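Per-entry structural report
So you can see what is in the structure, the chains are spelled out below.
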Amino acid sequence: MRDDQMTPAPSLVRSLGVTGVLFLTLSVATPASSVFVIVPGMLQVAGTGAVWATLIAGFVCVATAFVYAELSSAWPVAGGEYVAVAHTLGPMAGFVMLGVNVFNNLLFPPVAGLGVSAVLGTLVPGLPQIPVAIAVVAGSTLVAILQIKVNAWLTGLFLLVEMLAILAVVWLGFADTVRPIGDLLLHPVMPQGANLVPASAASIGLATSIAIFALNGYGAAVYFGEEMLDAPRLIARAIMASLALTLLFEGIPIVAVLIGAPDLHATLTANDPFGLLVTLRSDTTTANWISIGVVVAIVNAVIACILACARFFYGTARDGSWGRPLDQWMTQVHPMFGSPWVGTLLVGGFGIVACFLPLQLLLVLSGTGLVAIYAGICVAAMVGRRTGKTAHAPYQMPFYPLAPVVTLLALGYVCWTSWSDLEEGAPWPDHDGRADPAVDRLLLVHPAPTGRLERSDPDPCDGARYMTIHLADYEDGNDYDGKYKYDLAALQKRLEHIQVAHIVGGTRAIVMFEGWDAAGKGGIIQRLSAEWDPRNYKVWPISAPTADEKAHHFLWRFWNRLPANGNIAVFDRSWYGRVLVERVEGFASETEWRHGYDEINAFEAQQVESGTTLIKLFIHTTQKEQDRRLRARLDDPWKHWKTGLDDFHNRSRREEYLEAMAEMFARTDTATAPWTVIDGNDKKAARIAALTLIADRLEAGVSMVPPPLDPKVKRVAEKALGLR
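Summarised in this report is the structure supplied together with it.

With that out of the way, let us pick up the pattern of salt bridges. When charged atoms on two side chains of opposite charge get close, those side chains can pair. With the rule as written, the count across this model stands at 24 salt bridges. Across the pair E226 and R318 runs a salt bridge, and its minimum N-O distance is 2.2 Å. Linking E226 in the loop between α9 (201–214) and α10 (231–260) with R318 in helix α13 (residues 284–318), this pair joins segments that are 92 residues apart in sequence. Residues participating in the shared-partner salt-bridge network are R583, E590, R594, E659, E663 and R667.

Turning our attention to the packing of aromatic side chains. To describe a pair of aromatic rings, one takes the distance between the centres and the angle between the planes. Within this structure, the stated rule accounts for 20 aromatic pairs. Ring centres of W559 and F603 lie 5.3 Å apart, and the angle between their planes is 80°; on these two criteria the pair is classed as edge-to-face. With W559 in helix α21 (residues 556–559) and F603 in helix α23 (residues 590–609), the pair connects residues that are 44 residues apart, well separated along the chain. Taken together, F558, W559, F571, W575, Y576, F603, F618, F665 and W675 form an aromatic cluster joined through their ring pairs. The residue whose ring lies beneath R583 is W593, and the NZ or CZ to ring-centre distance is 4.1 Å. Above the face of the W516 ring, R654 is positioned so that its terminal group lies 4.0 Å from the ring centre.

Moving on: the packing of helix α1 (residues 18–29) against helix α7 (residues 148–175). It is at 8 Å that the axes of α1 and α7 come closest, and there the two elements cross at 55°. When the axes of α1 and α7 are compared, the pair comes out oblique. Both α1 and α7 take part in a crossing whose hand is left-handed. For the pair α1 and α7, contact is made by G20, F23, L24, L26 and S27 and by I148, N151, A152, W153, T155, G156 and L159, respectively. Taken together, the residues that form the contact of α1 with α7 break down as 7 nonpolar, 5 polar and no charged.

Within the structure shown, the criterion is met by 4 cavities of 30 Å³ or more. Approximately 60 Å³ is the volume found for the second largest cavity. Taken together, Y68, L71, S72, W75, G80, E81, A84, V222 and I377 make up the full set of residues lining the second largest cavity. Elements supplying a minimum of two residues to the lining of the second largest cavity: α3 (50–74) and α4 (81–89). Considering each element in turn, the lining of the second largest cavity owes the most residues, 3 residues, to α3.

Conventions and cut-offs
- Residues numbered from 1 in each chain as written.
- Predicted model: local features only at pLDDT ≥ 70, side-chain atom pairs only at ≥ 80, totals over all residues.
- Heavy atoms only, no water.
- Salt bridge = Lys/Arg side-chain N within 4 Å of Asp/Glu carboxyl O.
- Helix = DSSP H or I, 4+ residues; strand = E, 2+ residues; numbered from the N terminus.
- Phe/Tyr/Trp six-rings, centres within 6.5 Å; stacked < 30°, edge-to-face > 60°.
- Lys NZ or Arg CZ within 6 Å of the ring centre and 35° of its normal.
- Axes fitted to C-alpha atoms, helices over the stretch in contact; angles between N-to-C directions.
- Parallel < 35°, antiparallel > 145°, perpendicular 65-115°, else oblique.
- Left-handed = near helix turned anticlockwise from the far one by under 90°.
- Contact = heavy atoms within 4.5 Å.
- Nonpolar A, V, L, I, M, F, W, Y, C, P; charged D, E, K, R; others polar.
- 1 Å grid on protein atoms, 1.4 Å probe; cavity = no way out; pocket = protein on both sides within 12 Å on 5 of 7 lines; lining within 4 Å.
- Points joined across faces, edges and corners; volume = space filled by probe spheres on them.

Geometry only, nothing functional implied.
Here it is as structure tokens:
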């Protein structure tokens, strides 16, 4: 049969008004998911400067929405951005946009599905990620086959649950304000170590790029244009209303949490600042209901996205983009529901398969595709105006060409911030194996305070090892330039809360110190544990092994000292004695200490894989500074006990120890258990740097929501204390 004899594709039924399209579009934008998942990254990056970032991003998104509105008004069909680009820029550009749309549309459902288990994990610990994601995508696919009008009202109902979760946060924030709204705009601050410092323009700019992605979704209205009544005239209204409501539902909670946060620093550095506010201001039941609201929001977004994606494939297949068999399948419309049901099943099937792909890969591809789509429609809008191809559009954007120019400039800035700084913006795993695309900015590492705190760069030839750390790079010895006592007290209070979180959560951690004699390890450990409950941590000073310990494998005595659930073990020197002192002093044969590297790596990998947080610190000082401190010990009678023959013997073999340390770093600085070297030449700077790093790493492995009070205890206490 010739192409001109093929049966025309059945049409989609126009049944949606502005409200129905608005419900579907807002569901794709999913404001609650952005607030609870993406916004925390903005707060960590820019602090209260996130308010400015949201305002700037809102201006950019308004410009982009104008572009969407004009193009959608000209071509209100299911093919979406691809149709507008093909009509204005030609078939080749349309083909490129088609490919970008395919990846961007297909990848969101599995990404969101994989994220559901993370939220559900706070309610039902131990849920398997992939099976949960498959269930979410499969269930959403079946729902998406239903009539579009049914889906519009269903997503509207889910949106109501989503909005209630947001309104709960807003009410708790505004009910008891701690700081005026004006301070957020006039005096924005951001976290830096244990301090709050003025928010920088760079940090606000980086947060703006996150906010642009958080507000994304308003353009999804274009995919429902073919099922909208009087779409050429009304679709622009749906797009602009969707953006306005998204700005409202994401911007107000940010203001609420910032003006109502009892502890601003804790809020800005928390992984779940909104959950923290809810827990402090209400109870666990309210927090759990809000978590359920977030899960509903994510599932709602998956349903809406599958609906939009299925219509994209319907529109492109109707244009003959995939070849006759696929085109015929994907344009089939269900006789009862009026939906492109085969295309819907194909989208859901791909989403289920993609649930088995690494989440980081999915995030990178989807984030990159969004930038390309925005750029494509801006160019299409300008070319369409110049050639007159969009002249028939009932809606014409105001102040042309301001909107597409602003959007393109913003996209250029996003690309620059994402790719120019490999440690903050590049969308590939960092040294901790985490990814950092714009949608995943909440995983950014806090800036290090004064006091060098760095690790080696990744070796491009070996994904599991790092290039040799050069200790000479950590000898600046700059004086600490902050308020030491204040910063130390704030860090110790933070560490106290972190220990409680480990106790309540039943998690384990190991903090291990190596370094030169008199480098300051003991002083750091003393300040690290100053506010800790002694029942749940143990400091292990490691010296020469006993006769019993020598009779066993060298790691035996460390296995016996590993922390139990809810405990933290601090090692003052460690198993690295095998490849340092035992190597240099000849206490281990060359065969033994060479085997030691692999044995240590395996031992550390076992701890991390079993759920233990492992932190390895090396405190470095110059020979000159070490000598000064050793002389000070000789001059102070109360420090004589800290001085022994080994201190001076080891000093005399410094070059041999430097050689051993260099190989130790090269062989054991792994992605699983990386080293961190701290410049210890200024004690105050070293202490703040070490405690900041330890707090950041320990906090990353636990929930920092304060534990709830047992209702039974509360009732008994109120009765005993006469509180009622």
